[in-house]
Amino acid sequence: MKVAGLYNIIDLLIIPSMDGVDDFIAAMDYLESIKGDIEPNKIMFSFNRFNDSEYQNLEEQFDSFFDNVKVIKKEYGIDLTDKNNYYVLQDSREIKKAIKAGKTFKSFALKNENAQDFQRDYIIPMITKISKKWKKRKKMKIVVINPKGGSSKSTVAFQIISAYMLNKGLDFTHFELDDMNFDSETFKESSINTKQITIDNGDGLNETVRNLFLDNENFVLDVGGNKTTTMFLMALKKTRMYRKTDLYIIPSSGGSQDILNMKKTYDLIKEFDENAKVLFALSRVRNVKRIKFQYSDFFKKFKNVDYIVLKDSDVVDLSRKMQKSIFEIVQDEDLKKEFENLFDEALDNNDQENISLYSIMLEIIDDAHIFNEKYIINAFEKIDEVNKNFP
């Protein structure tokens, strides 16, 4: 790679290591061999087989590395005091079990509680760190649109698309182009930055759209229904800002009118942007195995298109109650501990009403973890696949 000059096209270089002195020496030798060939901010360490039963912390087990943080920073520009420059994988039998079963760890974890714990505590944080480290400087603009009200635009925009950008570590804003509704204002505990854009009678909308695309590097735009959709698409066409749109998401909640509007919206976009990248979102799915029955009109009208699935679930309502996205709830370990403590307190007081309430809440929080893996993370992967220009 060095001879061929390939290091300069690498987006991210991960150096795996265990805790032995030999591993440390090998890692330092490798860094020395590529010094000057790849930027330090493109390098991260993977500290593997962490044993928390024998060591108090990572620094103790991997002391060869952490005793030399100053040297590593001075010689190679990698700061191990910044946790974003490495991730940790615990020693786990579940990885070997997954390999033996011939399955990916993701599919293996669906039916294995220990694997689910490992995935939550190590795999997902690893993916999050890699995503943040790997991100490009490319601007990312995603439009969520369907003229029919109640088509799950706001749910898809916030729970999937904004969560996707959050997971990427992007600095972005979630905009709602709507005079009447500001749905995302509900999520006051979320770290997602939200803002409403009003259009009144449409005067000056061209300028509003142009400024939106030119003044913001990354955003999710949740376009209001009915006439707002029509006016926005006209403004997008007239200003040529469709050429700065990376991806269109067209959601539906399954009704026949929703599907008709999906087709109409898709055709309108393709009229002025034949190269548009479009992803359909099929939400409120009752039974994934029967999706072609529930969404039979969709599959009749659209052939060989990309789509994501969002199952009907109480976790969406939980998200509103907690005032943060499902993705954020899953990352919030303190939230579950808080309800576990409240449940214990209710048990101690024999408070039947709260025992029932907190039991249900904990059950739904557990469901949120499954929902996140089966639908939200899968949606992230599909977005990456469709929008191949973005890592």
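Every value quoted in this text rests on a predicted model; they were computed, and no experiment measured them.

1. Things to note about the overall build of the protein chain
For step 1, the next point in the chain: Looking only at helices and strands, one finds 17 helices and 10 strands in the protein chain.
For step 2, the next point in the chain: In the protein chain, buried positions account for 48% of the 391 residues.
For step 3, the next point in the chain: Considering only residue pairs separated by 6 or more positions, the protein chain has 71% of its internal contacts joining residues 24 or more positions apart.
For step 4, the next point in the chain: Taken as a whole, the protein chain presents about 20,700 Å² of accessible surface, with 46% of it coming from carbon and sulfur.
For step 5, the next point in the chain: Charge-centre separation for the protein chain: the mean point of 58 positive side chains lies 9 Å from the mean point of 64 negative side chains.

2. Re empty space enclosed by the protein
For step 1, the next point in the chain: Tallying each qualifying case throughout the model produces one cavity of 30 Å³ or more.
For step 2, the next point in the chain: The volume enclosed by the largest cavity comes to roughly 40 Å³.
For step 3, the next point in the chain: As for the largest cavity, its lining consists of Ser 154, Thr 155, Phe 158, Gln 159, Asp 183, Phe 187, Val 316 and Arg 320.
For step 4, the next point in the chain: No other element matches the four residues that helix H8 (residues 153-168) contributes to the lining of the largest cavity.
For step 5, the next point in the chain: Of the residues assigned to the lining of the largest cavity, the class counts are three nonpolar, three polar and two charged.

3. Notes on the sheet that holds strand E1 (residues 13-17)
For step 1, the next point in the chain: Pairing is parallel in the open sheet, where three strands are placed in the order E1-E2-E3. Taken across any chain shown, the strands that pair with only one partner, and hence form the sheet edges, are E1 and strand E3 (86-90). Strand after strand, the sheet turns through a mean of 20° between neighbouring axes, direction not considered.
For step 2, the next point in the chain: The strands touched by helix H1 (residues 21-34) are E1 and strand E2 (43-50); relative to E1, the strand with the most contacts, the crossing angle is about 160°.

4. Considering helix H5 (residues 93-100)
For step 1, the next point in the chain: Backbone nitrogen of Glu 94 and a side-chain oxygen of the N-cap are separated by 3.1 Å at the start of H5; the cap is Ser 92.
For step 2, the next point in the chain: Looking one or two places after H5, you find Gly 102, whose phi comes out positive at around 70°.

5. Quick look at the side chain of Asn 372
For step 1, the next point in the chain: The residue Asn 372 is located in helix H17 (residues 352-386) in this model.
For step 2, the next point in the chain: Among all residues touching Asn 372, those that are not within four sequence positions of it are Ile 124, Phe 327, Val 330 and Ile 377.

6. A word on the sheet that holds strand E7 (residues 218-223)
For step 1, the next point in the chain: If you walk across this open sheet you meet the seven strands as E6-E5-E7-E4-E8-E9-E10, and the pairing is parallel. Each edge of the open sheet is held by one strand with a lone partner, namely strand E6 (194-197) and strand E10 (307-311). Averaged over all adjacent pairs, the angle separating strand axes in this sheet is 20°, with direction ignored.
For step 2, the next point in the chain: Pairing between strand E8 (residues 247-252) and strand E9 (residues 278-285): five bridges, direction parallel. Among the inter-strand pairings, Ile 249 is bridged to a residue of E9, identified as Leu 279.
For step 3, the next point in the chain: Docked against the sheet, H8 engages strand E4 (140-144), strand E5 (173-177), E6, E7, E8, E9 and E10, running at close to 175° with respect to E7.
For step 4, the next point in the chain: Its contacts with the sheet place helix H11 (residues 256-272) against E8 and E9, and it is angled at close to 165° to E8.

7. Observations regarding a negative patch on the surface
For step 1, the next point in the chain: There is a patch of like negative charges on the surface, built from Asp 312, Asp 314, Asp 317, Glu 363 and Asp 367.
For step 2, the next point in the chain: Of all the secondary-structure elements, those providing two or more residues to the negative patch are helix H14 (314-322) and H17.

8. A closer look at unusual backbone geometry
What is expected of a backbone is that most residues other than glycine have negative phi and most peptide bonds are trans.
For step 1, the next point in the chain: One non-glycine residue, Ser 152, lies in the positive phi region at around 75°.
For step 2, the next point in the chain: Among the secondary structure elements, Ser 152 is positioned in the loop between E4 and H8.
For step 3, the next point in the chain: For Asn 226, which is not a glycine, the phi torsion comes out positive at approximately 55°.
For step 4, the next point in the chain: Inspection of the secondary structure assignment puts Asn 226 in the loop between E7 and helix H10 (227-239).
For step 5, the next point in the chain: For Asn 226, a relative accessible area of 58% puts it in the exposed group.

9. A short note on a positive patch on the surface
For step 1, the next point in the chain: Where like charges cluster on the molecular surface, the positive patch consists of Lys 103, Lys 111, Lys 289 and Lys 374.
For step 2, the next point in the chain: Among the secondary structure elements, Lys 111 is positioned in the loop between helix H6 (105-109) and helix H7 (113-134).

Definitions and cut-offs
Residues numbered from 1 in each chain as written. Predicted model: local features only at pLDDT ≥ 70, side-chain atom pairs only at ≥ 80, totals over all residues. Heavy atoms only, no water. Helix = DSSP H or I, 4+ residues; strand = E, 2+ residues; numbered from the N terminus. Buried < 20%, exposed > 50% of the residue type's maximum accessible area, 1.4 Å probe, protein only. Contact = heavy atoms within 4.5 Å. Areas by Shrake-Rupley, 256 points an atom, 1.4 Å probe, with all protein chains shown as cover. Lys, Arg positive; Asp, Glu negative; His and termini not counted. Charge placed at Lys NZ, Arg CZ, Asp CG, Glu CD. 1 Å grid on protein atoms, 1.4 Å probe; cavity = no way out; pocket = protein on both sides within 12 Å on 5 of 7 lines; lining within 4 Å. Points joined across faces, edges and corners; volume = space filled by probe spheres on them. Nonpolar A, V, L, I, M, F, W, Y, C, P; charged D, E, K, R; others polar. Pairing = 2+ DSSP bridges. Axes fitted to C-alpha atoms, helices over the stretch in contact; angles between N-to-C directions. Polar contact = N/O pair within 3.5 Å; in protein donor to acceptor, adjacent residues only side chain to side chain. Patch = residues over 30% accessible without salt bridge, like charges linked within 9 Å, V, L, I, M, F, W, Y side chains within 5 Å. Salt bridge = Lys/Arg side-chain N within 4 Å of Asp/Glu carboxyl O.

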